[in-house]
Structure formats: structure tokens, C-alpha cells
Amino acid sequence: MDKTLELNNKRVLLIDDQKPFQVMLQGLLLNLGAKDVQVKTTGEAGITAYIKNPHDILLVDYNLGRGRNGRQVLEELQTRGLMKEHTLFFIITGDNSRPMVLSALELQPDDYLMKPFSQRVLRSRLVRAYKRRMWLKDVFKALTKHDYEACINACQRHIQSNSRYSNYCRKLQIELYNKTGQLDKAETEIKELLEDNSHSWVFLKLAETRLLQNSPEEALNILNHIIKRMPNAIEAHDLKTECYVQQQLLEEALESARDAITLAPFSIERQTKLAHLARGNGDFDIAKQAMNNVLQIARKSVFRNAHHLCNYLRSILDAAENSDTPQQISKYQTEATMELQRARYDEHLLHADISFEDLEAILLSRIDSFNGRLREAQHRLNEVVGESLAKDQPINKDLLPDVIAILLDVGEYEKANKLAAYKDDNLLLDDYTAKILQARVAAAKKQQNSFFKTHKAGTEAYQEASYNRALELFKNAMEIAPMNSGAALNFIQAAVRFIEENPKAARGRLKNECDNCFKVLEGLQLSINHSKRYERLLQQTEELELR
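Since we're looking at a predicted model, the values are computed, not measured.

Chemist: Sorry, what's going on with the confidence of the model for the chain here?
Modeler: It should be kept in mind that the predicted coordinates are not to be read in detail where pLDDT is low. Per-residue confidence for the chain gives a mean pLDDT of 92; residues scoring 70 or more make up 97%. Element-level mean pLDDT values for the chain span from 62 in helix 18 (residues 347-350) up to 97 in helix 12 (residues 234-246).

Chemist: Explain the environment of H308 here, please?
Modeler: Relative to the elements of secondary structure, H308 occurs in helix 16 (residues 306-321). Overall, the relative accessible area of 10% leaves H308 in the buried class. It is 9.9 Å that separates the C-alpha atoms of H308 and I268, two residues lying 40 residues apart in sequence. Sequence-distant contacts of H308, defined by excluding residues within four places in its chain, comprise I268, V294, L295, A298 and F303.

Chemist: I tried to follow the side chain of E187 on my own but got confused; where do I start?
Modeler: By the element assignment, E187 lies in helix 9 (residues 183-194). In this structure E187 comes out as buried when scored by relative accessible area, which is 17%.

Chemist: Teacher, can you tell me more about the state of the cysteines here?
Modeler: A covalent bond between the sulfur atoms of two cysteines is what we call a disulfide. Per the counting criterion, the structure on display carries 0 disulfides. Summary of cysteine pairing: C517 is not part of a disulfide, and the nearest cysteine sulfur, belonging to C514, is at 6.2 Å. For C517, a relative accessible area of 4% corresponds to the buried category.

Chemist: Would you take a moment to explain the sheet that holds strand 4 (residues 88-93) for this structure?
Modeler: Where strands meet in a sheet, backbone hydrogen bonds hold them as pairs that are either parallel or antiparallel. As summarised here, the arrangement of the 5 strands in space is 2-1-3-4-5, forming an open sheet in which the pairing is parallel. Where the open sheet ends on each side, the last strands, each with one partner, are strand 2 (36-40) and strand 5 (111-114). Averaged over neighbouring strand pairs, the angle between their axes works out to 20° when direction is ignored. Relative to strand 5, strand 4 runs parallel, the two sharing 4 bridges.

Chemist: What exactly am I supposed to notice about the layout of surface pockets here?
Modeler: Leftover empty space is mapped by rolling, across the atoms, a probe with the size of a water molecule. Volume-wise, the second largest pocket comes out at about 900 Å³. What lines the second largest pocket is a set of 38 residues, among which K415, K418, L419, A420 and Y422 lie closest to the centre. Mapped by element, the contributors of at least two residues to the lining of the second largest pocket are helix 20 (374-390), helix 21 (400-410), helix 22 (413-421), helix 23 (431-463) and helix 25 (485-501). Top contributing element to the lining of the second largest pocket by residue count: helix 20, with 7 residues.

Chemist: Sorry if this is basic, but what is going on with the packing of helix 6 (residues 137-144) against helix 7 (residues 148-160) here?
Modeler: Look at helix 6 against helix 7: their axes get within 8 Å of each other, and the N-to-C directions meet at 165°. Classified by the angle their axes make, helix 6 and helix 7 are roughly antiparallel. For helix 6 against helix 7, the interelement crossing comes out left-handed. Contacts from D138, V139, A142 and L143 of helix 6 reach helix 7 at Y148, A150, C151, A154, C155, R157 and H158.

Chemist: So what exactly am I meant to see when it comes to the pattern of salt bridges here?
Modeler: When the charged atoms of two side chains lie near each other, side chains of opposite charge can form a pair. For the coordinates displayed, the defined rule picks out 40 salt bridges. When the shortest N-O distance is used, the salt bridge between E321 and R366 registers 2.9 Å. Within this pair, whereas E321 is found in helix 16, its partner R366 is found in helix 19 (residues 356-370), the two being separated by 45 residues in sequence. Of the two residues examined, E321 and R366, each falls in the buried class. Across the salt bridge formed by R440 and D409, the nearest N and O atoms sit 2.5 Å from each other. Residue R440 is located in helix 23, and its partner D409 is located in helix 21; the two are separated by 31 residues in the primary sequence. For R440, a relative accessible area of 13% translates into the label buried.

Procedures and definitions
Residues numbered from 1 in each chain as written. Predicted model: local features only at pLDDT ≥ 70, side-chain atom pairs only at ≥ 80, totals over all residues. Heavy atoms only, no water. pLDDT = per-residue confidence, 0-100. Helix = DSSP H or I, 4+ residues; strand = E, 2+ residues; numbered from the N terminus. Buried < 20%, exposed > 50% of the residue type's maximum accessible area, 1.4 Å probe, protein only. Contact = heavy atoms within 4.5 Å. Disulfide = S-S within 2.5 Å. Pairing = 2+ DSSP bridges. Axes fitted to C-alpha atoms, helices over the stretch in contact; angles between N-to-C directions. 1 Å grid on protein atoms, 1.4 Å probe; cavity = no way out; pocket = protein on both sides within 12 Å on 5 of 7 lines; lining within 4 Å. Points joined across faces, edges and corners; volume = space filled by probe spheres on them. Parallel < 35°, antiparallel > 145°, perpendicular 65-115°, else oblique. Left-handed = near helix turned anticlockwise from the far one by under 90°. Salt bridge = Lys/Arg side-chain N within 4 Å of Asp/Glu carboxyl O.

Below you can see the structure in the form of C-alpha cells.
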């Protein structure tokens, strides 16, 4: 074989689930001098084998049956920082559909081989990739370690020596200048290239730099020219979307994002961006579908976790809560419960910090609270997080947004606000969830302000010993927030003081209202202070025949 690549001393890992192709490719590799060829039939087994003893060459089929596909194998090795700088990664496939090809190439494998291919093609592609990898060893080493300054300097050395890969180094250098915020240096390099270079990638980097310099109109003009010449330039479509976002043209941004998804749909980041934009445009059904796509993409990938399942369920309820008709609301709520049942044995939950039972209780609590079944909602919520709320303990991150939403619905505003204001890096919400929660908080603001104003007036009346007035105001507060535990305790306490001051007063109506307040508090896990108040009020109301 070519003197630059001797396969007899290279370890090769072949990942393919089809026996005939395994045999054929092994034969080609043996003919090319390979002596150490390991075969795995699943992406998971291939990753394990590579971790155990990293190979020099990976030849991975895109479609690997039920487990991780070839793209996800590469994605996992990159994301976990497992890929060695000397390793060549080839994706092999018989499917030349545009979405699959573009999505695979986004991760920048060393090469992409279409089946069928000959021994000569395999040999030439391996040699080409190996030469590039060896020639730019210092560049890839720094890039693998995320040492961007060292990578920029390595690129500069190759550019100055007029290396055969100098164009690749120029492009990478500009990307890293933009990534590290060195926009003036990126612009200088681009201008120099534009003097004698009309490659599309140069204009693409110019558009990227202009966007980062807050010049979206100029960037958009450049990108439209690129897309006209190269309609499959997925990076150009992504940048075009960002241009519209920066200009606050959300309808155009949504249309652009949908174009990008059509080209390369297998990106969690791109699907999440689509969900953001769809929701911002009031298209909750598209947002829901995008979050479902995120869930399906993540299901077999390194990004698999319960967070994506929770976000999808949340997006369904978001669509329900923004629907115009009872029929639409019911349809979405049914969809959410059915999706939850399908997820009962989902791997997203098997290794999560939350149980299916807790997630189910919180989902049903949200549906109950939105449909006005506040007592049922509060009961379900109390079963899952009652103790944590009472003891001011952190709530699971994946449940936190929904817990806050339920507390707002049932009128426990103090608890909701306390959770929403809690700062902890481990509890930071993703942007999509944060937007949904912000909308819920904003929607409850008017009613919340009315409650606090009325409740505060009741407290002041109580402090002034105007117990009859306090009772009236606490009752009004509970009409605004029927399940507010603080208002319920205060009403009962005001009733006790009123009867103590007016022992001959009729108790019938007041007794019924106290009973209703106790029903609000029944079974709730209260804080230590509120528990003591509750026990004391139980005794006092019994003595005063108020229950």
C-alpha cells in the first residue's frame, strides 16, 4: 500500500450489522494489508471496544439496526471527549438521501463512503484521510483538547508554510477566531482571502462574522447569495435563521428554521431552535412536534435523559393551555397522558433521578389544576413534593417547572415565587422550558397581585383587631386563590379571634367556612411553624365549636 499508510500496523474497527458486508469489507482490508480488524455489530458494542483500546481506523455503517447509528457513534465519541487525534472515522452507507447525508457530514467525519465501493476507492480515501490527519497532527491535537489558541497558532504555521492544507487551516482559524470572540482578526483574514479567493466558504465565514458583529442585514444579503448558489448549505440556513432572530423577524426566522430542518433534521440543537421560534410565533403544534423530534433523536444518543421526555410532555401541555376550544384542550391532554404511558419503561427514565410514578403524578396534577380540579391537583402535588416544599428542600430539576406551574394554578403564589427565585447552578432551566415558565408566571401576575393586595389588607385588619373585616378580606383572598394554605390558616385564626371577641355570635356560616379551610389544609405537609399553628387551630376551633 502507499508508503504514507501501512495497514499492517493499524488497528481497524468495523461496525456493521450486516454479515455479508462485514465479510466483504474484511476481505478488502485484508487485501490492503490489514492484519488487525475487529468487527462489532452494534454502535454500543463498537463504542465499548474503542474505549477499551482505541483503534486507528473506524469504518462505521450509518444504519445499525435498533441501537445507535453511525452518526450517533461519532457524536458520542466526540461529545465524551473519547476520540483520539490520530483516529480516522469513516461513515459508510447505502442511503444517499439528502437529510441523512447532510446530518452525518455536519459532525465532520474524516470521510463518507457510499456503498458499493471498490478496493481502489477505499484505498485512495484511506490514504487521503491519513495524509491529512498526519500532516495536521498538531492542529487536530489542539482541537481535540479544545485548546483553541494553540490550534489557531498551529493553523498559522501551516498557512505560513503554504501547506497543501492551508485553505482548511484558514477556514478553521477563522472559525476559531469567531468562536473565541476575536472578530477583528477573523475579518482581517477574510478580507485578505477575498482579494484572490471566491470560494463559497469564505463568504460564509464573512456572513458569520458580520452576524457576530451585530450586522444581520449585511450577513443576510451574503447568505441569500450563497443559498442561491448552494441550496444545500445547511450552515448558511442556520445563520440565516439567526439573522432574522437578531432582527426580531420571528415569522421569517421560523420559515428559515423549517427550511434548515428539511435539509438536516437529525440535530437536537436545530430542532430545539425550531421549537423556540414556533412557540414565539404562537404555533404551539409545530413546537410540540419539534420537541417530539428532539426526544426521538436523543432516545438512542449520548444525550438520552429524562429531560427531553419532560420537555416533550411540557410542550404538549403548553399546546393544550394555549388552545382555543375544549376539544383541542382535551385532545392534547389525552396525547400527553398516552405519551406518558408509552414512556413507562422508556430508557430515558430507567437511569433518571425521577420515577415514572412521580412524573405521572405531576403530569396529572398539571392537567387537574388547569381543568379547575384544584383539590385533586394539590393532593397529587403534595404526594410527590409536599415534604420538600415544607422543608425548603430542592425540587428535582426535571419536575421543577411543572411544580411551579401547579403552585401558580392552585394559588400557592408564595411557594411558587420562592421556587422560581431560587438560584442554583444545578437547577438552571434550558431556554425552552424557561420561556414556558416565564409565560406562566406572566399569565398569573394579575391574579397574583390581586391576591397579595387583598391578603395583605386582611393581615393589616387582623393586626388592628378588626377581625370581622379581616375575615371578609381573607375570604376574598381565598376566592382568588382557593387552595392557598397561608390564607386558609389566616382565615381560621381570624375566625377564632372573632368568636373569642364575640362569644354570642352565630357560628353556622363561620363554621362552614372554617371547615372548607381545613379541607384545603387536610393532608398537606406544612412547615414546622405552620404545622404548629394548624394543630393549635384544630384545638381552638373545636373548643369554640367552629368545626
